[in-house]
Amino acid sequence: MNQLAEPDLIATLRRIADSLERVAPPPPALPDLSSADCFVFEPPLNLRPVQKVSRVPIELLTGIDRAKDILMTNTKRFAEGLPANNALLWGARGMGKSSLVKAAHAAVNAANPERPLKLIEIHREDISHLPDLMSFLRKSDYPIVLFCDDLSFDHDDTSYKSLKTVLDGGVEGRPANVLFYATSNRRHLLPRNMMENEQATAITPGEAVEEKVSLSDRFGLWLGFHACSQDDYLAMVEGYLNAFGIPYDSDTTRPAALEWYTTRGSRSGRVAWQFVQDYAAGLGKRLD
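Owing to the predicted nature of the structure, the values given are computational and were not obtained by experimental measurement. (Residues numbered from 1 in each chain as written. Predicted model: local features only at pLDDT ≥ 70, side-chain atom pairs only at ≥ 80, totals over all residues. Heavy atoms only, no water.)

Go over the sheet that holds strand β7 (residues 221–225), please, and point to the residues and values.
Pairing in this open sheet of seven strands is mixed, and the strands run β2-β1-β4-β5-β6-β3-β7 from one edge to the other. The two strands at the open ends of the sheet, each matched to only one other strand, are β2 (46–50) and β7. Between one strand and the next, the sheet's axes are offset by a mean angle of 25°, whatever the strand orientation. As paired strands, strand β1 (residues 38–42) and β2 are joined by five bridges and run antiparallel to one another. From the neighbouring strand, glutamate 42 faces β2, where its bridge partner is asparagine 46. Helix-sheet contacts for helix α4 (residues 130–137) involve β1, β2, β4 (118–121), β5 (144–148) and β6 (178–184), and the interaxial angle to β5 is about 165°. (Pairing = 2+ DSSP bridges. Helix = DSSP H or I, 4+ residues; strand = E, 2+ residues; numbered from the N terminus. Axes fitted to C-alpha atoms, helices over the stretch in contact; angles between N-to-C directions. Contact = heavy atoms within 4.5 Å.)

Have a look at this one:
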């Protein structure tokens, strides 16, 4: 069998290497984050820009003043390059958890347009991609808030381990330019029966439960949202009506707003907004 001379062997190896490089996909490039302030993550490593974000001004979020002040302070510090905490916004449905995250992002950018803060939404089902996404975003010069709305885990779901790794930072540590905000109806993110089943089957039950509960402990900020009072609900309704210039008479609007929430069995910012949409439509007014 003939053997190739050394120059021929080197040339052959180079051709093989060039062929493999053409077949292998190129490493993903960081997208142009200057094209928008908000993006949606699409696996494996794509960021889709969102030119018009669905949100309300932070001034219209009433009844959550303490949570608003804390999250605004934390977000502003982070945008300025100061230390900041990951945040878990948990509690009652429709009380403005996700609205507050989006509103705080807009308010911080309005105050500091020179170095805009980027908001990237990651869907619950894509949490397993978080470690790769974090490493990907480490290359960016922008401060970035990763946002997951309605985060929770089912009984047979193990992707929470990816989240634990990200919040702890792993060996590399959490990127200094990335923060993680999440909203959830559950304070501990995991269903109670999941923790109880782990406790019943574990060799050391206490440690198993501790591992589950400790997921929430990895968030530096816990911001609780509770069902609003009737006065807060009515203040939300009138705040929206005033903001959009919708004419109203309190003597007739308030009873209608109270009847609206009674038929739905709860009071919240979401219910207030739904009433305002119905009320404005009845007057032939647009909410632009």
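This is not the end of the story, as more comes after the structure.
Describe the environment of phenylalanine 225, and please don't skip the residues or the numbers.
The residue phenylalanine 225 is located in strand β7 in this model. Residue phenylalanine 225 is classed as buried on the basis of its relative accessible area of 2%. Each C-alpha atom, one on phenylalanine 225 and one on alanine 67, is 7.9 Å from the other, the two residues being 158 residues apart in sequence. Discounting chain neighbours no more than four positions away, the residues touching phenylalanine 225 are Ile64, Ala67, Leu89, Trp90, Gly91, Ala92, Met95, Gly96, Lys97 and Leu100. (Buried < 20%, exposed > 50% of the residue type's maximum accessible area, 1.4 Å probe, protein only.)

I'd like a rundown of a nonpolar patch on the surface, residues and numbers included.
Judged by side-chain polarity, Leu9, Leu13 and Ile16 come together as a nonpolar surface patch covering roughly 270 Å² of accessible area. Position of leucine 9 among the secondary structure elements: in helix α1 (residues 6–23). Overall, the relative accessible area of 40% leaves leucine 9 in the partly exposed class. (Patch = residues over 30% accessible without salt bridge, like charges linked within 9 Å, V, L, I, M, F, W, Y side chains within 5 Å. Areas by Shrake-Rupley, 256 points an atom, 1.4 Å probe, with all protein chains shown as cover. Salt bridge = Lys/Arg side-chain N within 4 Å of Asp/Glu carboxyl O.)

Any chance you could break down the pattern of salt bridges for me, citing the residues and the numbers?
Within this structure, the stated rule accounts for three salt bridges. For aspartate 37, the salt bridge goes to lysine 118, with nearest N and O atoms at 2.9 Å. Placement of aspartate 37 in the loop between α1 and β1 and of lysine 118 in strand β4 is noted, with a sequence separation of 81 residues between them. On the accessibility criterion, aspartate 37 (30% relative accessible area) is partly exposed. By relative accessible area, which is 1% here, lysine 118 ends up buried. Two residues, arginine 254 and glutamate 238, come together in a salt bridge whose shortest N-O distance is 3.0 Å. In this pair, arginine 254 is assigned in helix α9 (residues 250–264) and glutamate 238 in helix α8 (residues 230–243), connecting sequence segments 16 residues apart. Residue arginine 254 is classed as partly exposed on the basis of its relative accessible area, which comes to 36%.

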